Amino acid sequence: PELVLTTITAYNINGRELETLTNEVLSIGNYSINWNASSYPSGVYLIRMDSGEFIETQKVALVK
């Protein structure tokens, strides 16, 4: 299995970095990461994942 540095970061809708959810070397597989967003207001946030050559950003809605 290939080991790559994987970083998952949460941003607000304006692109300001809020938290790094994970920043570790992981092998290929399925993982689950919980984000405790209790200190943030309801709204739209961006979650970005960088893993080797793979980069993906997804929009998420936080509803309280």
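This one's a predicted model, so the numbers in the text were calculated from it and none came from an experiment. (Residues numbered from 1 in each chain as written. Predicted model: local features only at pLDDT ≥ 70, side-chain atom pairs only at ≥ 80, totals over all residues. Heavy atoms only, no water.)

Undergrad: Tell me about the overall build of the chain, and name the residues and values.
TA: Of the regular secondary structure elements, the chain holds 0 helices and 4 strands. Counting from the amino terminus, the chain carries its helices and strands in the arrangement β-β-β-β. Oriented by its inertia axes, the alpha-carbon framework of the chain measures out at about 40 × 20 × 15 Å. Every one of the 64 residues in the chain was classed for burial, and the buried ones make up 27%. Within the chain, contacts between residues at least 6 apart in sequence are counted, and of these 38% link residues at least 24 apart. With an accessible surface of roughly 4,800 Å², the chain has 51% of that area assigned to carbon and sulfur atoms. (Helix = DSSP H or I, 4+ residues; strand = E, 2+ residues; numbered from the N terminus. Buried < 20%, exposed > 50% of the residue type's maximum accessible area, 1.4 Å probe, protein only. Contact = heavy atoms within 4.5 Å. Areas by Shrake-Rupley, 256 points an atom, 1.4 Å probe, with all protein chains shown as cover.)

Undergrad: I'd like a description of the packing of aromatic side chains, backed by residues and values.
TA: Tallying each qualifying case throughout the model produces 3 aromatic pairs. Relative to Y45, the ring of W35 lies with its centre 5.6 Å away and its plane at 80 degrees, an arrangement referred to as edge-to-face. One end of the pair, W35, is in the loop between β2 (17-27) and β3 (43-51); the other, Y45, is in strand β3, and 10 residues separate them in sequence. Y45 gets classed as buried once you look at its relative accessible area, which sits at 6%. A connected cluster of aromatic rings, assembled from ring pairs, spans W35, Y40 and Y45. (Phe/Tyr/Trp six-rings, centres within 6.5 Å; stacked < 30°, edge-to-face > 60°.)

Undergrad: Which residues make up the environment of N34, and what values go with them?
TA: Relative to the helices and strands, N34 is located in the loop between β2 and β3. Along the sequence, N34 and L21 sit 13 residues apart, while their C-alpha atoms lie 8.0 Å from each other.

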